[in-house]
Amino acid sequence: MEVPTDGAVLAFCTPAGLAAATTALAGSAPGTQILEFEVGDLDEVRKELDDSVQMIQAPTVQPWGNRSMILRTADGTLVNFYTPVPDADRAWPSQN
């Protein structure tokens, strides 16, 4: 579920939905928070990362049409940087 606001979107997802979206986050506890940022050049952001972050998911094209990477900061914060893939299908994968 997404709640759009001026300049931001607040999104909610079940642990099962999160696992379906990103297998690297399977087993995340309810209440897990991820900060997400749309960027113009995902590869440039990756080049700017240093050893203070842990790569959880390398840049990957998601089934809903974003190319994203997920990392964990030194304080444990999960961050998803993504770039929409032009002309991609924006369908969310089914959660069986």
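> I'd like a description of the overall build of the protein chain, backed by residues and values.
Per the secondary structure count, the protein chain includes 2 helices and 6 strands. Shown N-terminal to C-terminal, the secondary structure of the protein chain runs as helices and strands in the order β-β-α-β-α-β-β-β. Taken over C-alpha atoms, the radius of gyration comes to 13 Å for the protein chain, in line with the 12 Å a tight globule of 96 residues would show. Taking all 96 residues of the protein chain together, the buried fraction comes to 27%. Taking all contacts inside the protein chain whose residues are at least 6 apart in sequence as the whole, residues at least 24 apart take part in 42%. Accessible surface for the protein chain amounts to roughly 6500 Å². Of this, 53% is attributable to carbon and sulfur atoms. Of the charged side chains in the protein chain, 5 are positive and 13 negative, and the gap between their average positions amounts to 7 Å.

> Describe in detail the pattern of salt bridges, supporting the description with residues and values.
Applying the stated rule across the entire model yields 1 salt bridge. Asp43 is paired through a salt bridge with Arg67; the nearest N and O atoms lie 3.0 Å apart. Within this pair, whereas Asp43 is found in helix H2 (residues 42-48), its partner Arg67 is found in strand E5 (residues 66-72), the two being separated by 24 residues in sequence.

> Lay out the sheet that holds strand E6 (residues 78-84) with the relevant residues and their values.
If you walk across this open sheet you meet the 4 strands as E3-E6-E5-E4, and the pairing is mixed. Bordering the open sheet on either side are strand E3 (34-38) and strand E4 (54-61), each of which pairs with just one other strand. Across the sheet, the mean angle from the axis of one strand to that of its neighbour is 15°, orientation sign disregarded.

> Hey, could you go over a nonpolar patch on the surface for me, with residue numbers and the actual values?
A cluster of nonpolar side chains, Met1, Val3, Leu10 and Phe12, forms an exposed patch at the surface whose accessible area comes to about 420 Å². Positionally, Met1 belongs in the segment before strand E1 (2-5). For Met1, a relative accessible area of 67% translates into the label exposed.

> Let's hear about the nonpolar core: which residues, and what values?
With 7 residues, the main nonpolar core is built from Val39, Leu42, Val45, Met69, Leu71, Val79 and Phe81. When contributions to this core are tallied by element, the ones reaching two or more residues are H2, E5 and E6. Not counting the four nearest positions on each side in its chain, Val79 is found in contact with Ile34, Leu35, Phe37, Met69, Ile70, Leu71 and Thr73. Listed in part, the 5 residues of the second largest apolar core include Leu25, Ile56, Ile70 and Leu78.

Procedures and definitions
- Residues numbered from 1 in each chain as written.
- Predicted model: local features only at pLDDT ≥ 70, side-chain atom pairs only at ≥ 80, totals over all residues.
- Heavy atoms only, no water.
- Helix = DSSP H or I, 4+ residues; strand = E, 2+ residues; numbered from the N terminus.
- Rg over C-alpha atoms; globule rule 2.2 N^0.38 Å.
- Buried < 20%, exposed > 50% of the residue type's maximum accessible area, 1.4 Å probe, protein only.
- Contact = heavy atoms within 4.5 Å.
- Areas by Shrake-Rupley, 256 points an atom, 1.4 Å probe, with all protein chains shown as cover.
- Lys, Arg positive; Asp, Glu negative; His and termini not counted.
- Charge placed at Lys NZ, Arg CZ, Asp CG, Glu CD.
- Salt bridge = Lys/Arg side-chain N within 4 Å of Asp/Glu carboxyl O.
- Pairing = 2+ DSSP bridges.
- Axes fitted to C-alpha atoms, helices over the stretch in contact; angles between N-to-C directions.
- Patch = residues over 30% accessible without salt bridge, like charges linked within 9 Å, V, L, I, M, F, W, Y side chains within 5 Å.
- Core = buried A, V, L, I, M, F, W, Y, C linked by side-chain atoms within 4.5 Å.

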